[in-house]
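Listed below are the residues making up each chain.
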Amino acid sequence: MKWFIAYLSSIAMSSIVSVLLALIFHKLTKEISFIGLLTGLITAIFILFKCSNLSSGLKVKDFGFWSWAAISVYVLISLRSFLWLVYKNGDSLKVLSKHNLGDAPLHIGYIQYLANGISFWPENPMYAGVKFHYPIGMDLFNGLLVSLGADVIRSLIWIGLLSSIACGFALILWGRAFTLSGFLFAGGLSGFKFFENFTLADYQTGLAWGNILFPMLTTQRGLLFALPAGLVLLCSWRERFFSNKNAIYRISPLPFWIEVLLYSSMPLFHMHTFIYLSLLLGIWFSIPSKDNQSKISRLVIFSAPLAIFLIYFLTEFNAAPFVHIKWGWMQGSDNFFKFWILNFGIFWPLVIWLYKRLVVKVYKDRDLMNQTSVAFVFPALILFILFCIVMMAPSNWDNIKLLMWSYLILLPFLWEYLIKNLQKYLQYLICFVLFFSGFITIVGASSLQQGHEIFKLSELYNIAPVLQKLPREATFAAHPGAHHPLLFWGRKVIMGYPGWIWGHGLDLTSQREKVEKLMNGKDGWEKVAKELGVDYIFWGRFEEQNYPTSLKPWEDKARLVSSGSWGKIYKLELNLGINLCGILKC
């Protein structure tokens, strides 16, 4: 337990200290990276030696055959997913999972950009002229390591592995093997197609809800911190606010300062998790109980300054509005029962059954706040319904980052107050129907993963010496693709992959039009370049493929900085017939 808390606290402390120092000195330097990591290490050591009261509450009886089976599958899938998260194969740098084709290059670019020693608060490296409004916590932590000499790929793999262990431990803490299985094998009924031809495959492709690990944990890097930190906060709050002798899975509450650290730093890592936890606290606060209202107020008062400070920097008020109403989440025009049963199977019928039981319990006991199950189940249902209506991102699917929390909260109560009390054969039957589809999907998807190229290594190695000679915060005009070599080295471009821009709520249409005009060399291209603050134009294989009819007027009006098999880089400056830069040696 202490190692687990020390790991999470060290990440939070390192990142927060680095952010604060970088803001004070207006730059993220190697010295600041060192101080940040050292502070995190000291925090971890302090917890290991001084926080002797931390207890997980885990017992030998909690680990039967099915527990170890679930843990074994989780370990094997995590090892396969993170050891080959990004890997070299011949001249290719590849990702194992198709889900990471866009996300891995984005996060590598962010890490390298932050490690380059840029001004702080930084500009968005994927969108010229806009501040970086993205939960950068985990990429920042990796960036601190890379700035001090760690290899970017190895740091991704090792932090991914360590954090996946933390996630697995947190899931066990929160709801034992049943919750771990629910996380691993989430999904409805689509996997039962296996019995048609007994073929392993990803039967959940195209569905709104399904396996969480592949499309979420291995791609949404903020969850590597937010998932274990959020779950351990829920465990601590379960004990602190609703402790009673009959409470399930009791642990010792975290020291108050650790709760504040994990909760207040959450916006830096995963804004969706912070929103969900805050709403949960708000619901609890609204239920009359002077003792709990006092405890919640104290937590919020001590956490608010840092949290609000981070939210201020991470929120783009001028970005395209992305909060919108969409009834039924991803249901669309599908039949109501077909959509929810296909995606969730018998999960919601079981929740309705649990809800009925708890309603009767509340009616009998007349004491809402002392019923741990009621205090978690009812708010989880309310928030699930809320986020099936209010979308918090341009992509409706992204609300899964919020819906996931209601799902995880409900799992342990389903087991303890419903399934556990049934006869053995009914327990096995329910678990089979709940988890078989997800099990087939995760095994099938793992067996089908063959790797996908994201960069060419020769291209990266050849261009690296050239980029090292150019200013680290220079802005490049280039094709907005996900696998551009500039992105790997953390170089700022006027526009990154359109999917990223749209997903982050930024204006996509006008920026794309400007890029098209500039890269095609149309009339007014110089004005656009000046407006976007372009320092260099990159012309390589992606540009040749996507702008075959470009007039390339910069060949006459800009200075060729370097060229090679990878392409050419031009510096935007008027050619007056005299090489002034040559004379001035600039």
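Structural notes, computed from the coordinates.

Rules used throughout
Residues numbered from 1 in each chain as written. Predicted model: local features only at pLDDT ≥ 70, side-chain atom pairs only at ≥ 80, totals over all residues. Heavy atoms only, no water. Salt bridge = Lys/Arg side-chain N within 4 Å of Asp/Glu carboxyl O. Buried < 20%, exposed > 50% of the residue type's maximum accessible area, 1.4 Å probe, protein only. Helix = DSSP H or I, 4+ residues; strand = E, 2+ residues; numbered from the N terminus. Phe/Tyr/Trp six-rings, centres within 6.5 Å; stacked < 30°, edge-to-face > 60°. Lys NZ or Arg CZ within 6 Å of the ring centre and 35° of its normal. Axes fitted to C-alpha atoms, helices over the stretch in contact; angles between N-to-C directions. Parallel < 35°, antiparallel > 145°, perpendicular 65-115°, else oblique. Left-handed = near helix turned anticlockwise from the far one by under 90°. Contact = heavy atoms within 4.5 Å. Nonpolar A, V, L, I, M, F, W, Y, C, P; charged D, E, K, R; others polar.

### Side note on the pattern of salt bridges
Scanning all chains against the criterion turns up 12 salt bridges. For Lys401, the salt bridge identified is with Asp398, shortest N-O distance 3.9 Å. Across the pair, Asp398 and Lys401 agree in class, each one buried. In this structure, the salt-bridge partner of Arg541 is Glu459, at a minimum N-O distance of 3.0 Å. Here the residue Arg541 occupies a position in helix H24 (residues 541-546), and Glu459 occupies one in helix H19 (residues 457-468), the gap between them amounting to 82 residues.

### So, the packing of aromatic side chains
Under the defined criterion, the tally for this structure stands at 64 aromatic pairs. For the ring pair Phe192 and Phe436, a centre distance of 5.2 Å and an interplane angle of 40 degrees mean the geometry is tilted. A residue pair is termed long-range when its members are at least 10 positions apart, and Phe192 in the loop between helix H6 (152-184) and helix H7 (194-197) and Phe436 in helix H18 (residues 424-448) qualify at 244 residues. With 4.8 Å between their ring centres and 25 degrees between their planes, Trp209 and Phe344 make a pair best called stacked. Here Phe344 lies in helix H14 (residues 336-344) and Trp209 lies in the loop between H7 and helix H8 (213-217), a separation of 135 residues in the sequence. Exposure class is identical for Trp209 and Phe344. Each is buried. Members of the aromatic cluster, connected to one another through ring pairs, are Trp209, Trp329, Phe336, Phe337, Phe339, Trp340, Phe344, Phe347, Trp348, Phe384 and Tyr407. One residue, Arg298, lies across the ring of Phe256, its end atom 3.8 Å from the ring centre.

### Points about the packing of helix H3 (residues 65-83) against H6
Following both chains from N to C, one finds H3 and H6 inclined at 155 degrees, their axes separated by 10 Å at the closest point. The pairing of H3 with H6 is recorded here as roughly antiparallel in orientation. The chirality of how H3 crosses H6 is right-handed. Facing Ser67, Ala70, Ile71, Val73, Tyr74, Ser78, Leu79, Phe82 and Leu83 of H3, the residues of H6 in contact are Ile157, Gly160, Leu161, Ser164, Cys167, Gly168, Ile172, Ala177, Leu180, Ser181, Phe183 and Leu184. Grouping the constituent residues of the contact of H3 with H6 by class yields 15 nonpolar, six polar and no charged.

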